[in-house]
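Residue strings, one per chain:
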Amino acid sequence: MATEGIEAVFLETRNWGKTAKFFQELGFELELTSGDGSGVFRNGEGAYFVVVEVPENRDPGLQIALRVSDEDGFRPDPVVEVVTPFEDTHYGTREMTVRDPDGRIWSLQAAKTA
């Protein structure tokens, strides 16, 4: 079984307010905010954005999460290096990380099962 496209984009920013306004001007709606410089944005049925403010002394990063519909049925070929197996996240999903041939880390997300 393969992945099913992009599930989410995790974006770090040095300025939550400006970044939130930027995405809202592009048509994204702020769906959820924790009030501490982070939030979830959506635009239709596509991937969601999680935006998190980081300190000035840290370079902002970007992570793309790919969707996996069936965690139990997902068995990557050995060419895919599994860094961490599926684990529960604090935001309500299960996540696996893999490394691509150039060393980049990718997140694979599946729904939590009961």
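Refer to the preceding data block for the structure.
Residues numbered from 1 in each chain as written. Predicted model: local features only at pLDDT ≥ 70, side-chain atom pairs only at ≥ 80, totals over all residues. Heavy atoms only, no water.

Chemist: Explain the sheet that holds strand S2 (residues 29–33) here, please?
Modeler: Hydrogen bonds between backbone atoms are what pair the strands of a sheet, whose relative direction is either parallel or antiparallel. One open sheet accounts for eight strands, arranged S2-S3-S4-S1-S5-S8-S7-S6; its pairing is mixed. Bordering the open sheet on either side are S2 and strand S6 (81–88), each of which pairs with just one other strand. Each neighbouring strand pair of the sheet contributes to a mean axis angle of 25 degrees, computed without reference to strand direction. The sheet contact formed by S2 and strand S3 (residues 38–42) spans four bridges and is antiparallel. What sits directly across from Thr33, in S3, is Gly39. Taken strand by strand, helix H1 (residues 16–25) contacts strand S1 (6–13), S2, S3 and strand S4 (48–53), and its axis lies near 5 degrees from that of S3. (Pairing = 2+ DSSP bridges. Helix = DSSP H or I, 4+ residues; strand = E, 2+ residues; numbered from the N terminus. Axes fitted to C-alpha atoms, helices over the stretch in contact; angles between N-to-C directions. Contact = heavy atoms within 4.5 Å.)

Chemist: Is there a simple way to think about H1 in this case?
Modeler: An α-helical segment advances 3.6 residues per turn. Residues three or four places apart therefore align on the same side. For H1, the full list of buried residues reads Trp16, Thr19, Ala20 and Phe23. Within H1, the buried residues cover an arc of 100 degrees as seen down the axis, which keeps them to one side. More than 90 degrees from the buried face of H1, the exposed residues found are Lys18 and Glu25. The inward-facing, buried residues of H1 contact S1, S2, S3 and S4. Between a side-chain oxygen at the N-terminus of H1 and the backbone nitrogen of Gly17 the separation is 3.2 Å; the capping residue is Asn15. Phi turns positive one or two residues past the end of H1, at Gly27, with a value near 100 degrees. (Buried < 20%, exposed > 50% of the residue type's maximum accessible area, 1.4 Å probe, protein only. Arc of directions from axis to C-beta. Polar contact = N/O pair within 3.5 Å; in protein donor to acceptor, adjacent residues only side chain to side chain.)

Chemist: For this particular structure, what's the right way to read the nonpolar core?
Modeler: In a soluble, globular protein the nonpolar side chains are often hidden away together inside. The biggest cluster of nonpolar side chains holds nine residues, and these are Val9, Leu11, Trp16, Ala20, Phe23, Phe28, Phe41, Phe49 and Val51. Counting residues per element, the ones that place at least two in this core are S1, H1 and S4. By residue number, the principal contributor to this core is H1, which donates three residues. Not counting residues within four places of it along the chain, the set of residues in contact with Val9 comprises Tyr48, Phe49, Val50, Leu62 and Gln63. Phe74, Phe86, Leu108 and Ala110 belong to the second largest nonpolar core, which has eight residues in total. (Core = buried A, V, L, I, M, F, W, Y, C linked by side-chain atoms within 4.5 Å.)

That is the geometry; function is a separate question.
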